[in-house]
Amino acid sequence: MAGSGVVTVYGNGAITETSKQSPFSVKVGLAQMLRGGVIMDVVTPEQARVAEEAGACAVMALERVPADIRAQGGVARMSDPQLIKEIKQAVTIPVMAKARIGHFVEAQILEAIGIDYVDESEVLTPADDENHINKHNFRIPFVCGCRNLGEALRRIREGAAMIRTKGEAGTGNIIEAVRHVRSVMGDIRVLRNMDDDEVFTFAKKIQAPYDLVMQTKQLGRLPVVHFAAGGVATPADAALMMQLGCDGVFVGSGVFKSGDPARRARAIVQAVTHYSDPEVLADVSCGLGEAMVGINLNDEKVERYANRSE
Amino acid sequence: MAVGVLALQGSFNEHIAALRRLGVKGVEIRKPEQLQSVRALIIPGGESTTMAKLAEYHNLFPALREFVKMGKPVWGTCAGLIFLANKASGQKTGGQELIGGLNCTVHRNFFGSQIQSFEAELSVPEIVTKEGGSPTFRGVFIRAPGILEVGPEVQVLAEVPVPYRKPAKSDPADGNLEENAGSEKKVIVAVKQGNLLATAFHPELTADTRWHSYFLKMVDELSQEASSSTLEDDPTLPEPPKYELPIFQQ
């Protein structure tokens, strides 16, 4: 069984599927179709079209990109559904939108307007500092952020069908994304080499459900699609995430806060496909104009979005 | 020679894993020259606009069209079906490039957005005749296309009833009257034309490898006729285990 990768749906009915119309496999299915692709943050229908034209495999519809949320401060909430609808009408690729952590009514609204994926995101101001949304109650699939393996598996147990590493959104600084991806991948490598008897204690240590930890050990990877996010600003950043073992990349402020968004978007898309081919990477990295302004994360005053949820 | 899998974006890893379960080596294809080393090609699911853009950036379309013209077996799933079709509707503003070759018209996102994605047990008589096994196949439809029309030379392999909700953005012309008339409307979701195979659903997301082995038999039949390429696959070293996503069984 371990070799063929065939597993039964999680929990053997321990967590019952609330709706038969959209089983977990279908939710994961769309994420699998996004593999090897780039998901871009857009704030207008025009930007959405630029992203689609560049070859983005999905767009994230927002009112403000994370860099602006950072600059302007205040409470960040779900975007106006009207804006999300307009963006959805402008493109044929899947459209995602963000809901606040724990704010299940925002998620219900997003489900009602028929978008393709909900991002329960720490970039927005959390609505609940203890509980996440029970994502099993929804027909729409969710993507959630994580900093380490335990956090990723907790989100999957809550029903997330896709995981992204948190990184530090809106900074244009890749260091946190690298830290989080390395943490997840490193823990999986440790887990793979672990004696089965030790997995119980390991599960306790990382505060994750035992069955998912065991499944991760057998598969040698997260049991759902795993993207990187938070701080990707250049084609090289995107390829770095892919070489570290991610399935794809979210680019937030990196595209539309740069000098030449269309060109940069296209370059990042190509970099993700040809991530292991330095010649292509060199080629697409040439003459992209100015990258987004970065933020140095050694500065104590910079708020850490990644620490907003456990 | 191995079977190529177009690896621009999408579920190419899943296809390679399915081929591996059948003991056949799948090769990732990203550049035109790589097509010369394979005897058949699978175009995976994914975002067809993204794949079309990437193919355009690296000038893959002429090579792919040539590949289809030479009569080499090609199988498209979901986005791959759109690629192979002669005509596609429901495209993005400005349209997108297609490979063509398969005489049919497809409609993108026929069933609507992700919330309308579904699984269905399909009746697949042709596959059962050739491959045996259960009389139905679990088809996973993810924002799937539908085949609206086929030419006379195209063999229909599977159909699925149109859900009552109707495709989200179809022409308003064929409205509710027809639906209420009772006779269940069906849409074509799998076809074969010569050496071209196309499915709107994703056999690579299920544990059932019958579609893959059906395609490999098409490949074998052809190479026997040509009689030149006799060599079977997997003489190469066993690859290091590649970590793949789980396949969910109901």
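Here's what I pulled together on the structure shown here. Just so you know, these numbers come straight off a predicted model, no measurement behind them.

### Brief notes about the environment of Gly112(B)
With respect to the helices, strands and loops of the structure, Gly112(B) is situated in the loop between strand E6 (102-107) and strand E7 (118-123). For the pair Gly112(B) and Pro145(B), spaced 33 residues apart in the sequence, the C-alpha separation amounts to 9.0 Å.

### Quick look at helix H3 (residues 61-69) of chain B
All names here are of chain B. Residues Phe61, Leu64, Phe67 and Val68 constitute the buried set of H3. Mapping the buried residues of H3 onto a view down its axis gives an arc of 120°, with all of them on the same face. Summarising the contacts, the buried residues of H3 are in contact with strand E1 (2-6), strand E3 (38-43), helix H2 (48-57), strand E4 (74-77), helix H4 (79-84) and strand E12 (196-199). Following H3 by one or two positions, Gly71 has its phi on the positive side, about 80°.

### Quick word on the interface of chain A and chain B
At the interface, 57 residues of chain A touch 47 residues of chain B. Of all residues in chain A, Met33(A), Arg35(A) and Thr92(A) bury the most surface against chain B, accounting for 17% of the area lost on that side. Where chain A meets chain B, there are 5 salt bridges. Between Glu244(B) and Arg35(A) there is a salt bridge, with the nearest N and O atoms lying 3.3 Å from each other. Remark: the boundary between chain A and chain B carries 25 residue pairs in polar contact (both at pLDDT 80 or more). Listed by contribution, the elements that provide at least two residues to the side of chain A that touches chain B are strand E1 (6-8), helix H1 (24-34), helix H2 (45-54), helix H4 (81-90), helix H9 (210-219) and helix H12 (261-273) of chain A.

### Notes on the sheet that holds strand E8 (residues 225-228) of chain A
All names here are of chain A. Pairing in this closed barrel of 8 strands is parallel, and the strands run E2-E3-E4-E5-E6-E7-E8-E9 around the ring. Averaged over neighbouring strand pairs, the angle between their axes works out to 30° when direction is ignored. Looking at chain direction, strand E2 (residues 38-42) and strand E3 (residues 58-61) are connected through 4 bridges and run parallel. Across the sheet, residue Met40 finds its bridge partner in E3, namely Val59.

### Remarks on the pairing of strand E9 (residues 248-251) of chain A
Residues and elements named next belong to chain A. Judged by which residues are buried, E9 turns out to be covered on both faces: Gly248 and Phe250 on one side and Val249 and Val251 on the other are all buried. Taken together, the 3 bridges between E2 and E9 define a ladder with parallel strand orientation. Its bridge partner lying in E9, Val38 is registered against Val249. Traced from E8 through helix H10 (residues 235-243) to E9, the parallel crossover comes out right-handed.

Rules behind the numbers
- Residues numbered from 1 in each chain as written.
- Chains lettered and ligands numbered in written order.
- Predicted model: local features only at pLDDT ≥ 70, side-chain atom pairs only at ≥ 80, totals over all residues.
- Heavy atoms only, no water.
- Helix = DSSP H or I, 4+ residues; strand = E, 2+ residues; numbered from the N terminus.
- Buried < 20%, exposed > 50% of the residue type's maximum accessible area, 1.4 Å probe, protein only.
- Arc of directions from axis to C-beta.
- Contact = heavy atoms within 4.5 Å.
- Buried area = accessible area lost by both parts, 1.4 Å probe.
- Salt bridge = Lys/Arg side-chain N within 4 Å of Asp/Glu carboxyl O.
- Polar contact = N/O pair within 3.5 Å; in protein donor to acceptor, adjacent residues only side chain to side chain.
- Pairing = 2+ DSSP bridges.
- Axes fitted to C-alpha atoms, helices over the stretch in contact; angles between N-to-C directions.
- Right-handed = clockwise from strand over helix to strand, strands pointing away.

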